[in-house]
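Descriptive structure summary
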Amino acid sequence: MGKRFARTAPMGHTLLGVVALTSTHAFAQSEALPFEALDWQPYSREEAAGQLCRGRYVMPGYRLPGEADPETLSVETASADYAQDGEALLRGDVVLRRGDSELQAEQVFLPGSREQVDAEGNLVLRNGQALVRGDQAMLRLNEDRATVDNSHYVLYESHLRGQAAQLEQTSENQYRLHSASFTTCDPGENTWELVSSDIRLNQAKGFGTARNARLKVKDVPVFYWPWVRFPLDDRRHTGLLWPTLGFSTDGLDYAQPFYWNIAPNHDATITPRFMSDRGLLLNGEYRYLFEQSQGMIEGGYLASDGGTSTGDNRFEGEDRWYIDAQHQGRVNPRSNYALRYGAASDGRYFDDFGAEFGRSDRVAMERLAQIDYRGDLWQLDARAQGFQRLEDPLSDSDKPFYRLPSLTANTTDWQFGGGFYGQWRSNATYFWRDIDETLVPEREAATGSRLHMTPALGWRFERPWGYIEPRTELWSTAYELDYGARETDRATSPTRNVAITSIDGGLVFERELDLGSRGYRQTLEPRLNYAFVPRTDQTQLPEFDSRERAFSWDQLWSPHRFSGADRVGDLNRISYGVQSRLIEDASGRDRLTFGIGQSAYFADRRIDENGDPDTLPDRPEDNPFVNPQSRYQATRDRSPLVTRLEWQITDRFSTGYEWLYDDQREQTERSSVDLRYRHPEGHVVNLGYRWEIEGFDPGVVPGDDGFRDYSREEWDLSVGYKATPQIDLIGRYLYDQTNDRALEQLAGIQWNDCCYGVQVVWREWIDDNDTAQVGDDFSDRGLFLRFVFRGLGGVGQGANTYFDQAIPGYRPTAL
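Please read these numbers as outputs of a predicted model, since none were measured by experiment.

The subject of this paragraph is the packing of aromatic side chains. Scanning all chains against the criterion turns up 23 aromatic pairs. Centre to centre, the rings of Trp659 and Tyr661 are 4.9 Å apart; their planes meet at 45°, and the pair counts as tilted. With a relative accessible area of 28%, Trp659 lands in the partly exposed category. Members of the aromatic cluster, connected to one another through ring pairs, are Tyr322, Tyr349, Phe350 and Phe353. One residue, Arg97, lies across the ring of Tyr62, its end atom 3.8 Å from the ring centre. Geometry around Tyr601 places Arg605 over its ring, the cationic atom sitting 3.7 Å from the centre.

Here it is, written out as structure tokens:
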């Protein structure tokens, strides 16, 4: 062992500074070092399973023990020579440690002034987070200056390594690297590497710049930046972001985002997007954040749409645009507010331009001004709200109403004791929309105000073995209406008062059950529900926001046939059903849930969207514009038999099933079956089947965009398979059996490596052209590519968000 001593000295500050610069992004060129010299530790065979990299960087233990005082400098050397003027020459495996930083060299020279340290020969610097090796180093102790020649470096946590011909500290937190490079690939595998002749790093501000920067893939230059600015930490910085690139039947699609870091709480992104068939689209987004509020403004503009390669774009030559501005904040701990304005030039803007991975989820642009209050008893809400519906063509009947304004006052339940409770719900709204009143049904032609109040009184008796709950709601509604240019004899100040009464009750039986050496609790839960809603004339009432609900398990137990407040459906029925659950005692999880139920009607349901209590809906053979099921649904004496099942078959397999069967006509009205497979390693398989009779949804009639003039039958198969830690395989096939066509076909492969990733996805899908007719549907297809260089960025359109939605349960490996 060599000589060891310790003393307090200022040397450590510069030592720390030199090691600190290794937490940046760039270094560069010299001969490769042996893997072990980079602190590389290969994975064992057991560890390698499931890993993308072949190993990791691990710092070896310190050569010298730590001192109690972190400012103390510890030194170990084989020999030390001292001159009379204070010069010192340490030789033979010199080790210096101060705090977490340790320096090793063959020789260290300390001048008498102690203003500089010169180290040379197998130089090694470590600080627990990074490693730097070099031939020699000079440290200026009083000026925050240092140089390391012919350096190699490693960042342990980031799995990043690089080289530099010379690494120079020019001042505190300011560094310059000459002939530098870096990569995140394993040692010996430079799949990609960023190389630059001159890199400057500013750790104080968190950014770096590089001149003559080149991205090399397998030693082949593929991209060049004369000058580039990049971040060194999580702080945001102005500069170019990685572009996106896509190819489809319409041609090339290239977008180049530019990020502007205006202030710590303000930023903007400007994205010119070139589409070979349409022209240049300019997108932008501005965001801001304050202590009590935040917001965002985004938009896009394309001057004179250039059309499509197929020549079927009716917007050719027109300006296309959209804007969406949002702001929300807090008035006080109980009150918040929100503002939003959205608009688009046409209903197909997002179908053509806004789709991620060839798909758009936007169906409307919201306009909103809203403030609320949440008290212990009262919940208040005031808003002005409207929507631009994104469909083209869009009929006047399909335009949504604006609420200018809408005022809501509700309470939490008033508990009176003994199980009695009361509720209050109320709303006052002025409805308006810009339409030609002569082009819509008379009940939809009005604008005006509506005051709606629904006080309720109920009593609930509940015990572990069952419950009973009678309840009455009073729906009191008054209108002030204006029919504009529409000539009508309808009342302009109609009112409605109707009581909705229901009694709900159920029993719960339990027993212990052992199946396959596991303990379960099995329940049997019969339920009975009676609802009575008197038949009330509503022909004078407008139709602002009501729609008849499709039948389902939940509708068995609900007295409300319509959503909204403009229609109260007459009802005199009793619902009966039973549910059984198999509960796993060890976890309390429902392993199996099965339910079956039906409603028996004591009177026809005459109230439909017209509100007429005296007539039944027209027969479909007499009126082609009515829902083909509406007459039958109104006159049948019992509902379809509803059966549902949720079964966790094993820890990997589960299934869900719903069946609505008409035992009078002996036919299925709606059914769905889902079989799901989830593997612990991430494999996913989903198989689904859907059947729905034409006209099943009573709120949709011929002419509506969502109406299907056929019985819907579809199969849906989706797969996400992690073939290896490096390879993900993805696919989906959605088939319309009724019309013998594929609604969507998708196939993709994703390759993940330690330092890069590649995603290739092909997709073909049906666009319904915003109409109900099958004849004008058309196919679209595209090939989507994404390349990612880990630690640097990526190019291309990301499909991960879409896969999460299209393939339930699938979680792709992060690129």
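In this structure, Pro405 follows Leu404 across a cis peptide bond, with omega equal to -5°. Turning to its location among the elements, Pro405 is positioned in strand E28 (residues 402-411). Unlike most non-glycine residues, Asn150 shows phi in positive territory, near 50°. Mapping Asn150 onto the fold places it in strand E11 (residues 145-155).

For the rest of this paragraph, the subject is the state of the cysteines. Scanning the entire structure with this criterion turns up 2 disulfides. Two residues share a disulfide in this structure: Cys53 and Cys754, whose sulfurs sit 1.9 Å from each other. One quick way to see it: the torsion about the S-S bond of Cys53 and Cys754 is about 85°, and its sign makes the bridge right-handed. Here Cys53, found in the loop between helix H2 (45-48) and strand E4 (55-57), pairs with Cys754, found in the loop between strand E49 (741-752) and strand E50 (756-767); they are 701 residues apart in sequence, far enough to count as distant.

Nonpolar side chains collect at one region of the surface, where Trp647, Ile649, Phe653, Leu675, Val685, Leu687, Trp715, Leu717 and Tyr733 lie side by side and expose about 730 Å² of accessible area between them. Elements supplying a minimum of two residues to the nonpolar patch: strand E46 (684-692) and strand E47 (712-722). Tracing the backbone through its elements, the reader meets Ile649 in the loop between strand E43 (641-647) and strand E44 (653-662).

For E28 and strand E31 (residues 425-432), the ladder comprises 7 bridges, and the chain directions are antiparallel. Counterpart to Leu407 in the pairing with E31 is Ala428. Of the pairings in the sheet, the one linking E31 to strand E32 (residues 447-453) comprises 6 bridges and is antiparallel in character. Considered in E32, the bridge of Thr429 is made with Arg450.

About the cut-offs
- Residues numbered from 1 in each chain as written.
- Predicted model: local features only at pLDDT ≥ 70, side-chain atom pairs only at ≥ 80, totals over all residues.
- Heavy atoms only, no water.
- Phe/Tyr/Trp six-rings, centres within 6.5 Å; stacked < 30°, edge-to-face > 60°.
- Buried < 20%, exposed > 50% of the residue type's maximum accessible area, 1.4 Å probe, protein only.
- Lys NZ or Arg CZ within 6 Å of the ring centre and 35° of its normal.
- Helix = DSSP H or I, 4+ residues; strand = E, 2+ residues; numbered from the N terminus.
- Disulfide = S-S within 2.5 Å.
- Patch = residues over 30% accessible without salt bridge, like charges linked within 9 Å, V, L, I, M, F, W, Y side chains within 5 Å.
- Areas by Shrake-Rupley, 256 points an atom, 1.4 Å probe, with all protein chains shown as cover.
- Salt bridge = Lys/Arg side-chain N within 4 Å of Asp/Glu carboxyl O.
- Pairing = 2+ DSSP bridges.

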